[in-house]
Structure formats: structure tokens, C-alpha cells
Amino acid sequence: MTIQAFNARLSPLLSIVVLTFFLAAARLAAQTPIGCGSDLSGSISTPNEIDPYSLSASNGDRLRVRGYSSSAGIQLFIRVLSPANVPLDSELADANGFVEIDSLVLNSGSGDYIIEVSDGVGSQTGSYGLSVQLLNDINCAGFLNCSGEYSGSINDLAEMQAYYLSVPAGGGNLRLRIHFPASSAELRVAVYNPNGNLVDTLQQPPGGGLLELVSYPMTAAGNWFFIFYDEGGDETTGSFSSSWQLLNDINCASFLNCAGEYSGSINDLAEMQAYYLPVPTGGGNLRLRIHFPASSAELRVAVYNPNGNLVDTLQQPPGGGLLELVSYPLTAAGNWFFIFYDEGGDETTGSFSSSWQLLLSTCANNIICGGSTSPSLSTIAEMDAYYFTAQPGGNVTIT
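All values reported here derive from a predicted model rather than from experimental measurement.

Attention shifts here to the overall build of the protein chain. Of regular secondary structure, the protein chain possesses one helix and 29 strands. Residues counted as buried form 45% of the 399 residues belonging to the protein chain. Sequence-distant contacts, at least 24 apart, represent 77% of the contacts inside the protein chain between residues at least 6 apart. Roughly 18,600 Å² of accessible area belongs to the protein chain as shown, and the carbon and sulfur atoms make up 50% of that amount.

Here is the structure:
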């Protein structure tokens, strides 16, 4: 911008006021607009430099900012200002070069908030990584289906990856599996409820591997946010894989007929495949046959009752083969959920076949006395079910 020279006869006070106005205008003109879920790199190239970024936000939004620099001597200083340039919060980097402002409520109206990055000492220069994330805006995060597999990676210093999951009225329980790569990173997953409050921080197992939540309570309806990041902001990772499954919503699983055959396979790391079986009033007994392929995977089937509580975990026979339940009690009426997965989250499988049979007359074919039928078994693990009506003391001949 152009600043016109002043008349030397202006009073000192007026000169200071005018100069302050133009310096403020120069700072505003130099701002770099950034998105509400941005990861970027920058550099402080001259002593006392301030890098200002502008973020469009609504009143009441919640903000998380992370920064990191490995440049010798530099100590990052991050400050957040309101649209009226009123300071709201600031933090100085720790001895390792990391700085963070978490869950800052932007309550100064809607508009462009300013995020300033500088050297806290003032005399040092160097490069830095910066990540900015609004915690309650679905336009700033990736969508998670209530039953799906996703992968990601941390590629930049201080980076955050944000996702949101919509939970229906009444809340629900979540089964979550994340397979982390072997690395020196300390990956974390911050969990924010629909109000934007941090409620939990999940930790990667040391050195990588599987993180699993069997039945995680999501008590409030609305959009829950999950933020992936490296704890110190100084590490990047290979790809991580995740699988998400709400346990009390039939829209998040495949329907099982009370008499039917189904097949599936585990094709991704940490993957889950979910099915639900409606059980009528009074409950019932289930006959279940699953044929697993020969593989090194350790396939499991988690059984959840209609309340979303884990009640059993069925195991594949070693090396594959047939798993059979002759008369498994499903004591409560409602939708029972069955989740197929590999135990370690690090194996995939060929196709498995299953056959499901509720031992109720409404789920079988009727044979009248003196009748006949010609069944055939055309798929692996298949069952064909029939029932007939008899009087007490009668004899039955089946040929």
C-alpha cells in the first residue's frame, strides 16, 4: 500500500495518531486468509516479524491452534485477536518448540479473527508449521459415516486431521478401531462433544498397532468431532486406518433375515462389517453357521444386545473352518448387532459365508403331514429350515 508523506508542521500527537492508523491498516492488509481446517508452513525471515492470518468465524465457535518450529533459537509465540483486534489468548512455545491454544471460545461476534505467529524472543528467525481447526463446524472436517472405513496420515508439522460423526437422538454407543503404523510418533485422537467441549483424548499404543473402543458412550445427539494429531507436533506418520460403527442404529448395519445366507470379507486394516437381526417379542434361539476361509487372520464376531452392550465374542477356529452355534439364546426382543472383524486389525481375509436361522416357525417353511419337499444346499454353510405341526403322542417318519 502507499503511505503519503505528512506535512512537517503537523503536531506530534496528531502525527502519532495518523501513523498508528496507517500501521494498523498495513497490518490488516498483510493478513493471509486461511480456512477453518488448515495446515500450513511459514517462516519468520526478519527479526520482530509478525505473520498475521485471518480466519472467518461465527460468534461462539471454538478454536484449536497448534504450532511447531525446530529452528534453532526461535520460540514461537501465537496470539489470537478478535475482529476488533482485541487480544483473546496467547501462548509461548515450550522448550521443545511446540505451542498450542485449545478450545478457545470465539465470543467476540462473527467476523475475521486474527491469528498472529511470531518469535517470542523477537530476534530469531526460522520456519514453522501451523494448524488451525474450528471444533464445531462440520464444514471444517471430514464426514464419518456411522459404519465405514477411513484412512489418513499426518504429513505436516503440528498438523491436525478433523472428522465428525453425526449421532442421532438418544445418543448411542460407538465401536471404534484404529490401526496406527509403526513409528516414533505419539498419535492422539481428541474427542469433542456436540458443544465443542473436549471429553476424551485417545492414545496410540506405544510404537503403533491397534487402538480399540468396544462400546464407547456418545450420550448426546449431534455432531461429535475427532481430531487426529501428533502429541508433540514434531512427527509425521505413515497412513493410519480406522473403522467406525454405531451400535444402536439399524441404518448403520446390514439387515439379516431370520432365515438367510450371507457372505462378506475383511478387505481393509481395522475393518468391521456390521449386521443386525431383529428378534421378536419373547426372544428366541439362533442357530448360526459361519465358514471362515483358511488364512492367518484371527476373525471374531462381536455380539451386541439391543441396548448396545457387548454380550459375547465368537472366535474363528484356528486356521479357518466352521464355527457353529446350535441354539444360541437371544433373550431380549429388538435388534441384535453382529460385528465381524480381525482381532489384531492387521489382516485381511478371503470371503466368509454365514447362515442364520431363528428357531421360530415364522422363520421356516411349513410341511403339512404327509407332505414332501426337495431341498438343496447351494452355498457354503447353508441351512434350510422346515417345521410341521403335530399332536402330543404322535409318531413322525422322515424319509
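It is worth spelling out the side chain of Glu271 at this point. Within the secondary structure, Glu271 is located in the loop between β20 (259–264) and β21 (272–279). Put simply, Glu271 is tucked away with no salt bridge, and the nearest opposite charge, on Arg177, sits 8.9 Å away. A polar contact is formed between the side chain of Glu271 and the backbone nitrogen of Asn267, at a distance of 2.6 Å.

A few words now on unusual backbone geometry. In this model, Asn48 sits at a positive phi of 65 degrees, which is unusual for a non-glycine residue. Locating Asn48 in the fold gives a position in the loop between β2 (37–44) and β3 (50–57). Residue Asn48 is classed as exposed on the basis of its relative accessible area of 62%.

This next bit is on the packing of aromatic side chains. All told, the structure shown has 12 aromatic pairs when counted by the stated rule. An aromatic cluster is present here, built from Tyr163, Phe180, Phe228 and Phe240 joined pairwise through their rings. A cation over an aromatic ring shows up here: Arg64 above the ring of Tyr229, its NZ or CZ 4.5 Å from the ring centre. The ring of Tyr341 carries Arg175 above its face, with NZ or CZ at 4.4 Å from the centroid.

Residue position: Phe143 is located in strand β10 (residues 142–144). A C-alpha to C-alpha distance of 5.4 Å links Phe143 and Tyr164, two positions 21 residues apart in sequence. Excluding its chain neighbours within four sequence positions, the residues that come into contact with Phe143 are Tyr150 and Tyr164.

Quick look at the state of the cysteines now. Evaluated as defined, the whole model comprises three disulfides. At a sulfur-sulfur separation of 2.0 Å, the disulfide partner of Cys36 is Cys140. Residues Cys36 and Cys140 are joined by a disulfide whose S-S torsion is about -105 degrees; by sign, that bridge is left-handed. Of the two residues, Cys36 is situated in the loop between β1 (32–34) and β2 and Cys140 in the loop between β9 (126–134) and β10; the sequence distance between them amounts to 104 residues. Classification of Cys36 as buried rests on a relative accessible area of 18%.

In this section: the sheet that holds strand β22 (residues 284–292). What the four strands build is an open sheet, ordered β20-β27-β22-β25; its pairing is antiparallel. Edge positions in the sheet fall to β20 and β25 (321–330), since each has one partner strand and no second. Sheet twist, expressed as the average angle between the axes of neighbouring strands with direction ignored, equals 15 degrees. Relative to strand β27 (residues 352–358), β22 runs antiparallel, the two sharing six bridges. Note on β27: the bridge partner recorded for Leu288 is Trp356.

With that out of the way, let us pick up the sheet that holds β1. Taken in spatial order, the five strands make up an open sheet running β1-β3-β8-β5-β6, and their pairing is mixed. Pairing within the sheet leaves two strands with one partner each, and these edge strands are β1 and β6 (87–92). Each adjacent strand pair in this sheet contributes to an overall mean axis angle of 25 degrees, direction not counted. Taken together, the eight bridges between β3 and strand β8 (residues 111–119) define a ladder with antiparallel strand orientation.

Definitions and limits used
- Residues numbered from 1 in each chain as written.
- Predicted model: local features only at pLDDT ≥ 70, side-chain atom pairs only at ≥ 80, totals over all residues.
- Heavy atoms only, no water.
- Helix = DSSP H or I, 4+ residues; strand = E, 2+ residues; numbered from the N terminus.
- Buried < 20%, exposed > 50% of the residue type's maximum accessible area, 1.4 Å probe, protein only.
- Contact = heavy atoms within 4.5 Å.
- Areas by Shrake-Rupley, 256 points an atom, 1.4 Å probe, with all protein chains shown as cover.
- Lys, Arg positive; Asp, Glu negative; His and termini not counted.
- Salt bridge = Lys/Arg side-chain N within 4 Å of Asp/Glu carboxyl O.
- Polar contact = N/O pair within 3.5 Å; in protein donor to acceptor, adjacent residues only side chain to side chain.
- Phe/Tyr/Trp six-rings, centres within 6.5 Å; stacked < 30°, edge-to-face > 60°.
- Lys NZ or Arg CZ within 6 Å of the ring centre and 35° of its normal.
- Disulfide = S-S within 2.5 Å.
- Pairing = 2+ DSSP bridges.
- Axes fitted to C-alpha atoms, helices over the stretch in contact; angles between N-to-C directions.

What is shown is where atoms sit, not what they do.
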